[in-house]
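Descriptive structure summary
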Amino acid sequence: MKLYSLTLSGHAHRARLFLSLVGQPYEAVEVDFAGGQNRSPDFLAINPFGQVPVLDDDGVIVPDSNAILVYLAKKLGRGDWLPEDAEGAARVQRWLSVAAGPIAFGPCAARLVTLFGAAFDAEEVIARAHRILALIDAELSSRDWLAAERPTIADVALYSYIAAAPEGNVDLAAYGHVRAWLARIEALPGFVALPASPVGLNAAGGPA
Ligand SMILES: N[C@@H](CCC(=O)N[C@@H](CS)C(=O)NCC(=O)O)C(=O)O
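Residues numbered from 1 in each chain as written. Predicted model: local features only at pLDDT ≥ 70, side-chain atom pairs only at ≥ 80, totals over all residues. Heavy atoms only, no water.

1. Examining the domain arrangement of the chain
For clarity, the threshold we go by: Each domain span listed reflects an automatic or database assignment of domains. Two residues form a contact once any of their heavy atoms are found within 4.5 Å. Buried area: the sum, over both parts, of the accessible surface (1.4 Å probe) that disappears when the two are put together. One side-chain nitrogen of Lys or Arg within 4 Å of one carboxyl oxygen of Asp or Glu is enough to make a salt bridge. What qualifies as a polar contact is a pair of N or O atoms within 3.5 Å, subject to a donor-acceptor requirement within protein and to the restriction that residues adjacent in sequence count only when both atoms come from side chains. Strands are runs of DSSP state E lasting at least two residues, helices are runs of H or I lasting at least four, and both sets are numbered from the N terminus onward.
As assigned here, the chain comprises domain 1 (2-75) and domain 2 (86-193). Its C-alpha centre places domain 1 at a distance of 20 Å from the equivalent point of domain 2. Taken together, the contact pairs 15 residues of domain 1 with 20 residues of domain 2. The junction of domain 1 with domain 2 conceals about 1500 Å² of combined surface from both sides, 67% of it contributed by carbon and sulfur atoms. Sorting the residues of domain 1 by area buried against domain 2 places Arg-14, Leu-17 and Leu-21 first, and these three jointly supply 34% of that buried surface. Applying the counting rule to domain 1 against domain 2 returns zero salt bridges. Applying the counting criterion to the domain 1 and domain 2 interface returns 10 residue pairs in polar contact (both at pLDDT 80 or more). Of all the secondary-structure elements, those providing two or more residues to the side of domain 1 that touches domain 2 are α1 (10-21) and α3 (65-75).

Laid out in structure tokens, this is it:
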């Protein structure tokens with residue numbers, strides 16, 4: 001398997017994290033965004049959206065981080081990470097939607113402002129991040145994992161941008177249940193971290 005990736009991308013990290021958690025060997029191909037490779041004809045042929053991550057499983061091309069998580073869980077027969085039953089699958093899907101919605105437009109967008117100078121309204125995306133974090137914290141007050149009695153791809157999908165939220169000036173201090181859940185994910189065998197960047201609340205010398 002080949003994964004087209006970008007080291008600092010939280011979306012790509014979701015895929016790398018899950019590949020590692022399930023012990024699936026793969027070749028990581030770093031896409032040169034600064035050089036415009038994601039807009040090159042070759043890359044647009046595999047993902048017309050010009051985005052990473054994209055999985056190439058021996059010619060089966062799967063763009064989109066959440067689609068990759070679903071594909072891998074199904075392909076590798078990992079029903080422990082993605083339940084087969086209707087209720088279990090729906091519980092997971094609910095959180096994949098959260099990952100593609102309020103997480104992408106909240107903590108992910110806030111980090112894009114500090115890390116890449118994205119033209120979002122920082123105050124608005126930070127406020128959006130806090131709204132979804134408060135909801136997730138309440139959900140995690142009564143259970144260890146988001147969608148089941150054990151970790152699923154729902155936890156993988158939400159992890160990266162919540163762990164990196166301080167880089168977008170989103171303080172996690174008020175969300176004790178979320179921080180405990182992050183630590184549970186980080187303790188899983190095969191966990192790999194999203195490389196830290198010294199921006200936002202993690203900036204050397206204070207918030208930036
Ligand atoms: N829905 C996609 C979003 C992926 C995404 O936004 N990737 C960013 C990097 S974090 C990207 O490639 N952006 C380049 C662009 O949109 O031009 C997914 O879940 O994979």
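2. Brief notes about the UniProt feature "domain: GST N-terminal" (unreviewed entry) in the chain
Put simply, the rule reads: UniProt positions are given in the numbering used here, feature names are shortened, and annotations may be inferred rather than shown by experiment.
UniProt records the feature "domain: GST N-terminal" (unreviewed entry) at residues 1-80, using the numbering of this structure. Helix makes up 36% of residues 1-80 and strand makes up 20%, while its end C-alpha atoms are separated by 21 Å.

3. Concerning the packing of aromatic side chains
How we decide: Two rings from Phe, Tyr or Trp (for Trp, the six-membered ring) form a pair when their centres sit within 6.5 Å of each other. Planes less than 30 degrees apart are called stacked, planes more than 60 degrees apart edge-to-face, and all others tilted. A simple rule labels every residue: compare its accessible area, found with a 1.4 Å probe on the protein chains alone, to the largest value its type can have, and call it buried under 20%, exposed over 50%, or partly exposed in between. Definition used: whenever NZ (Lys) or CZ (Arg) falls within 6 Å of the ring centre and also within 35 degrees of the ring normal, the charge is taken to sit over that ring.
Across all of its chains, the model carries three aromatic pairs by this definition. A centroid spacing of 5.3 Å and a plane angle of 75° characterise the contact between Phe-18 and Trp-81, whose relative ring orientation is edge-to-face. Of the two residues, Phe-18 is situated in helix α1 and Trp-81 in the loop between α3 and α4 (86-116); the sequence distance between them amounts to 63 residues. Across the pair, exposure class does not vary: Phe-18 and Trp-81 are buried alike. Across from the ring centre of Trp-81, 5.1 Å away, lies the NZ or CZ of Arg-150, which sits over that ring.

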